[in-house]
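# Commentary on secondary and tertiary structure
Single-letter residue listing:
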Amino acid sequence: MKSQSGGTFRITYNNWKPEEQKLREALCTLGNGFVGTRGAAEEKNQDEFNYPGTYILGGFNRAKTEISGRNIENEDFVNFPNWLFLSFRVEDGEWLDLDKFKIHYYQQRLEMKNGVLEREFRVEDAQGRQTRILSRRVVSMLDKHLAGIQWSFTPENWSGKVEIKSALNGRVINDNVDRYSALESNHLEPLGTEEINDDGILLKVQTRQSQITMAQAARTKIYCEGKSEKVSKVLTEKRGYIDHTLSFSVEEKKEYQIEKIVAIYTGRDRAISEPALEASKDIIRAKRFKNLLSRHEHGYQRLWPNADIGIIGNKEVQNLARLHIFHVLQTVSLNTIGMDVGVPARGIHGEAYRGHIFWDELYIFPFLNFRFPEITRSLLMYRYDRLDEARYAAQKEGYKGAMFPWQSGSNGREESQVLHLNPESGNWLPDNTHLQRHVNSTIAYNIWNYYLATEDRQFLSFFGAEIFLSIALFWASKAIYNKKLKRYEFHGVVGPDEYHTSYPDSEEQGLKNNAYTNVMAAWVLQKAVDILELIEKSRRRELLRELGINTKECEKWEKISRNIYVPFIKDEIISQFEDYENLKEFPWAEYRKKYNNIQRLDRVLEKEGDSTNNYKASKQADVLMLFYLFSKQEIITIFEKLGYKFSEEGIKDNIQYYRERTSHGSTLSRLVFSWILSKYDKEESWDNFQQLIISDFKDIQGGTTPEGIHLGAMAGSLDLIQRNFAGLEVGDDALWIKPNLPKNISKISMRVKYRNHWIFFSVDHTRLKISFEEGWSNKVNIGVVDEIHEFKHGEVREFSLLADTNSE
């Protein structure tokens, strides 16, 4: 795919290429943290190359399908009505179709600084009539229920009568992911259509099972030289569909503005009476597109100063970093605060993973914590509000506390597939990835790191601690004591790797003692005791009473946390799980020669009648996740508490061992490898970072990005820049900056929020400049390399990073 960048806040595509359209749609999705719409051509309906999907956070619906003789229920991320449709034709001519018209010029631009998608093209119909259109589209970042399209329409060599069709189409299905094509895809029930005040149309639908009502209202007007054009209208209404066809006369070389303003409401929204009433009211009150655009741009002016990461010396990385920032903000923004939603792993850009919430928060929250911690807090509340469902899940399995699902959707039940399709073989296979109980530790880890970055004691005391302690209860109750080893074990689990869900030729689900799972459980139990000491005594008493935690239970946590079993292969090389060393080595060279791409080795082997369960082959980082989440000293300390000797040499040995046995079948794997290699092999670290930063833009997995961007990888690339390259680190006593710039980047600058203090810093290979801009207190501690400095409000300091000088 070729694209050009016209500045580091713009992505530009030249030429109309239908075969690339679905990828462009995903990468040009516009959203505002409430609703998102793919960057589809507005004149196109769904077909082989075009998919104009619209999604809302939390917009789920369940449906049943018979698969392989079993009645399977899945919860899907609903494709809501298409509000985009806007087309034209010269009277009695053909409707605009870029696949049929002669295209003299086509360019598509995503303007990231102000969140505008532009399409500019000049086309010629069969009669030789040439028309130029500049299309501008927004999903308002300030007025979250409003969106709009403006066409600047110029008949270049003709005059005559033209028709404009503007529609709201609720006759859509979920059809963005080929793998799901056998599943029930019809999720919407039309409720009605209506014309509003002569120039507006209204469509109302409802999801079939979850009964989420959505109303869309659209007003389409035409202007020339600032004045409204007189038009004749024809209304068409069908079940689940409504349009206005507007007819008017145009003159050669004159420019006309065609403006479609849309309001979108659901029954889940706050401060409303009824969705259709609110949507109708909004389009009646709405002003022109330029007013919508102006307010929308104000919304972005609130975001970019805090969200941006400046990079000098590598234009490609700068542009792609801003693309990743942009898509984080399309998915979750200030509009998300207070909504009962989690953050979907694939954004609001498509239907892959069914919009479910996984562990990807682990990679997304660090970027938000330093810029928009209020968004993180709101997204953590999604977990708190589903504590009861997690408690039920734990109880059902015979455990205490709360057991959160690997895939979560509407109400927090386990949404992982019972069966999944291997597109390589066409077989439907049992899916045991729901046994990734490590997601519980991820949630606890996220709570702790949000607290470290914000010092939000209110959240920790009233919400975070309850989740954390409930997860600790779960781990303590799941632990099995091995009398022979005199250690505690965890059985029936699956690690982050996902290639290994059972032992070879075993009917039993899950594995024993996945090292990552076990170490994270130890960390949770160790940290839970610390949290009890942090919160107010009165709140501590309340929680201990409500959760049934007594002194004996706390002593149990302490004992388990120091005696959890971690399997080792030899010396300090950690075994991914118990008996991992007995698996066969995988013939990597043979398969790389045999297949062009073996990232999804599990699918390749299943097609051949084999299984990754038989081999020392990982989809993504598993053991190595430990060195991603914890600093060298932190991981050594954790192992010391567990009674194991571990050193920095052990870290190096584990990296070397597992880098040779990983297929990188997940975009997240490149992130982890880039991070952990940055201190030991800078060239390979940079190679992994380059793969990560382009992974969605160039769709390196071959067809996954059109189904939705990988939000964890996008946000993770930003976190890699801020916490690894720039060296941000939150300590108990200070915000630390320990730069680790790769040679491929000259300078990094950013504004970050640390415990209600805004700090700007820039770093190159020789100097670090820090400015304490504003904050709730007049002083803040900032650590530089290995020394803490007290900054006063408004103070600016520079530090030398050269090895032979320590002077400021």
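### Regarding the pattern of salt bridges
Applying the stated criterion to the full structure yields 58 salt bridges. Of the charged contacts in the structure, one is a salt bridge between Arg 208 and Glu 189, with a shortest N-O distance of 3.1 Å. With Arg 208 in the loop between β14 (200–207) and β15 (213–224) and Glu 189 in strand β13 (residues 188–196), this pair connects stretches of sequence that are 19 residues apart. Residue Arg 208 is classed as partly exposed on the basis of its relative accessible area, which comes to 42%. Overall, the relative accessible area of 26% leaves Glu 189 in the partly exposed class. A network of salt bridges, in which partner residues are shared, links Arg 62, Glu 73, Glu 75, Arg 413 and Glu 415.

### Describing the packing of aromatic side chains
Aromatic rings in a pair are described by how distant their centres are and how their planes are angled relative to each other. Taken as a whole, this structure holds 45 aromatic pairs when the rule is applied. Note on Phe 358 and Trp 406: the rings are 5.6 Å apart at their centroids and 90 degrees apart in plane angle, and the pair reads as edge-to-face. Within this pair, whereas Phe 358 is found in the loop between α4 (315–331) and α5 (361–369), its partner Trp 406 is found in the loop between α7 (387–396) and β21 (419–422), the two being separated by 48 residues in sequence. One exposure class covers both Phe 358 and Trp 406, and it is buried. Geometrically, the ring pair formed by Tyr 384 and Phe 463 is edge-to-face, given 4.9 Å between the ring centres and 80 degrees between the ring planes. In this pair, Tyr 384 is assigned in helix α6 (residues 373–384) and Phe 463 in helix α9 (residues 457–478), connecting sequence segments 79 residues apart. You can call Tyr 384 partly exposed: its relative accessible area is 21%.

### Observations concerning the confidence of the model for the protein
Detailed conclusions should not be drawn from predicted coordinates in areas where pLDDT is low. When pLDDT is averaged across the protein, the result is 95; 98% of the residues are at 70 or more. Overall, residues 1–6 carries pLDDT values under 50, and its contacts beyond four positions in sequence, including any with other chains, amount to 15 contacts.

### Description of the layout of surface pockets
Estimated volume of the second largest pocket: approximately 1400 Å³. The leading source of residues in the lining of the second largest pocket is helix α16 (residues 632–641), at seven residues. Residue composition of the lining of the second largest pocket, by class: 23 nonpolar, eleven polar and eleven charged.

### Things to note about the sheet that holds strand β33 (residues 787–792)
Here four strands make up an open sheet; going across it, the order is β27-β28-β32-β33 and the pairing mixed. Unpaired on one side and paired on the other, β27 (728–730) and β33 mark the two borders of the sheet. Sheet twist, expressed as the mean angle between neighbouring strand axes with direction ignored, is 30 degrees.

### Notes on unusual backbone geometry
Phi angles above zero are rare outside glycine, and Asp 505 is one such case at about 60 degrees. Relative to the helices and strands, Asp 505 resides in the loop between β24 (487–489) and α10 (515–534). The exposure class assigned to Asp 505 is exposed, which follows from its relative accessible area of 82%. Unlike most non-glycine residues, Asn 513 shows phi in positive territory, near 55 degrees. Considering the arrangement of structural elements, one finds Asn 513 in the loop between β24 and α10. According to the relative accessible area criterion, Asn 513 is buried, its value standing at 0%.

Procedures and definitions
Starting from 1, residues in each chain are numbered consecutively following that chain's sequence as written. Two thresholds apply to this predicted model, a pLDDT of at least 70 for residue-level local features and 80 or more for giving and counting side-chain atom pairs, whereas whole-chain, interface and lining totals are computed over all residues. Side-chain measures here rest on the full set of heavy atoms in the structure, leaving out hydrogens and waters. Any Lys or Arg side-chain nitrogen found within 4 Å of a carboxyl oxygen on Asp or Glu counts as a salt bridge. Labels follow the DSSP assignment, with helices taken as runs of H or I lasting at least four residues and strands as runs of E lasting at least two, numbered in each case from the N terminus. For every residue, the accessible area (1.4 Å probe, protein chains only) is compared with the maximum for its type, and the residue is labelled buried under 20%, exposed over 50%, or partly exposed between those bounds. Here the aromatic set is Phe, Tyr and Trp, taking the six-membered ring for Trp, and pairing holds for ring centres within 6.5 Å; pairs whose planes are under 30 degrees apart are stacked, those over 60 apart are edge-to-face, and all others are tilted. Each residue carries a pLDDT value, the predictor's own confidence for that position, ranging from 0 to 100. The contact rule is simple, with two residues in contact once any of their heavy atoms fall within 4.5 Å. Here a cavity means grid points, on a 1 Å grid over the protein atoms only, where a 1.4 Å probe fits yet cannot get out; a pocket means an open set of points with protein on both sides within 12 Å along at least five of seven lines; lining residues are those with an atom within 4 Å of a point. Grid points are joined across faces, edges and corners, and a volume is the space filled by probe spheres set on the points. In the scheme used here, Gly and all other residues not listed as nonpolar or charged are polar, with Ala, Val, Leu, Ile, Met, Phe, Trp, Tyr, Cys and Pro taken as nonpolar and Asp, Glu, Lys and Arg as charged. Strand pairing is assigned whenever DSSP detects at least two bridges linking the two strands. Note on method: axes are straight lines fitted to C-alpha atoms, helices fitted across the in-contact stretch only, with angles between N-to-C directions ranging 0 to 180 degrees.

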